[in-house]
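# Overview (structure and organization)
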Amino acid sequence: MKPTHRPAWPYPRVIAHRGGGALAPENTLAALDKGAQFGMTMVEFDAKLSHDGRPFLLHDDRVERTSNGHGAAAAMTYAELAALDAGTWFDPVFAGETMPTLEAVAHRCRVLGLAANVELKPCPGTDSATGLRVARETAHLWAEVQPPPLLSSFSVEALEAARIAAPDLPRGLLLDDIPENWLEQARRLECVSLHANHRKLSPALVTEILAAGLWLMVYTVNQPERALELKQWGVDAICTDRIDLIGPHFLD
Ligand code: G3P
Ligand code: MG
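Residues numbered from 1 in each chain as written. Chains lettered and ligands numbered in written order. Predicted model: local features only at pLDDT ≥ 70, side-chain atom pairs only at ≥ 80, totals over all residues. Heavy atoms only, no water.

## Considerations on the site of ligand 1
All residues adjacent to ligand 1 are His-17, Arg-18, Glu-44, Asp-46, His-59, Glu-119, Lys-121, Phe-154, Leu-174 and Tyr-219. In this structure, an oxygen atom belonging to ligand 1 sits 2.6 Å away from a side-chain N or O atom of Glu-44. At 3.2 Å, a side-chain N or O of Asp-46 approaches an oxygen atom of ligand 1. Surface burial for ligand 1 is 91%, taken as the share of its 290 Å² of free accessible area covered by protein chains. Residues of the shell around ligand 1, tallied by class, amount to three nonpolar, two polar and five charged. (Near = heavy atom within 4 Å. Polar contact = N/O pair within 3.5 Å; in protein donor to acceptor, adjacent residues only side chain to side chain. Areas by Shrake-Rupley, 256 points an atom, 1.4 Å probe, with all protein chains shown as cover. Nonpolar A, V, L, I, M, F, W, Y, C, P; charged D, E, K, R; others polar.)

Below, the structure is given as structure tokens:
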């Protein structure tokens, strides 16, 4: 089969995971600052909805691991979430950090010149609503920004809602185990990229993904030697926690 034409990957090749990787409390404004301090030009972060429908940053369904609060994020209003300390758990030097709104994140990315990979990370049962609202707000907040924010999700429902809400924003399908029908799924959701767990890839599968005309980003790659191996396999970009070891130009 003739390989499908693949335009050049339009984003930086190294992406800071959760803002500042392992060097700052994840998914906070301080994490974005840390990423920029280390010269990163693109960040990944996790966006979900508060009980009152506000897009904000948090990885888990619950707030315990990354804040001084307790409970399910989906049951809390943004005002309740914003009252929590999301920095001290990581290091007291980050006391006072909060779970930022997507709006504050868009502003900080603009100021710092960071391109964005917005991961749609729905709380249970809110896949479509999260895809719709986060995509719509991302389109509004990053209007005219180039390259445009790249939306991604493990949730097919969230990606489908994002496709309808903000059809012009590029989408990436996040995969842990790579299912047989990865190409059919990516085509149905009109995705431009696969975002794959690097541990589940082989050189042959990478070749197949690229030949299908998709871009390939891999997560979470924390060893420089592994990053170089994946580059040899042909991946377009890596997402890393170790921005201190794998700098912004490591793959150039
Ligand atoms: O987008 C790559 C990576 O962030 C996916 O996994 O669990 O860290 O959000 P997770
Ligand atoms: Mg993520």
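After presenting the structure, the write-up continues.
## Focus: the pattern of salt bridges
Scanning all chains against the criterion turns up 15 salt bridges. Between Arg-108 and Asp-33 there is a salt bridge; the shortest N-O distance is 2.9 Å. Within this pair, whereas Arg-108 is found in helix α3 (residues 102-112), its partner Asp-33 is found in helix α1 (residues 29-37), the two being separated by 75 residues in sequence. Relative accessible area serves as the criterion here: at 25%, Arg-108 is assigned to the partly exposed category. Measuring nitrogen to oxygen at the nearest pair gives 2.8 Å for the salt bridge that ties Lys-121 to Glu-119. (Salt bridge = Lys/Arg side-chain N within 4 Å of Asp/Glu carboxyl O. Helix = DSSP H or I, 4+ residues; strand = E, 2+ residues; numbered from the N terminus. Buried < 20%, exposed > 50% of the residue type's maximum accessible area, 1.4 Å probe, protein only.)

## So, the packing of aromatic side chains
Applying the stated criterion across every chain, the model contains seven aromatic pairs. Measuring from centroid to centroid gives 6.4 Å for Phe-45 and Trp-142, while their planes differ by 20°, and the two rings are stacked. Residue Phe-45 is found in strand β2 (residues 42-49), and its partner Trp-142 is found in the loop between α4 (127-141) and β5 (150-153); the two are separated by 97 residues along the sequence. Just as Phe-45 is buried, Trp-142 falls in that class too. Counting every residue linked through ring pairs, the aromatic cluster contains Trp-9, Tyr-11 and Trp-215. (Phe/Tyr/Trp six-rings, centres within 6.5 Å; stacked < 30°, edge-to-face > 60°.)

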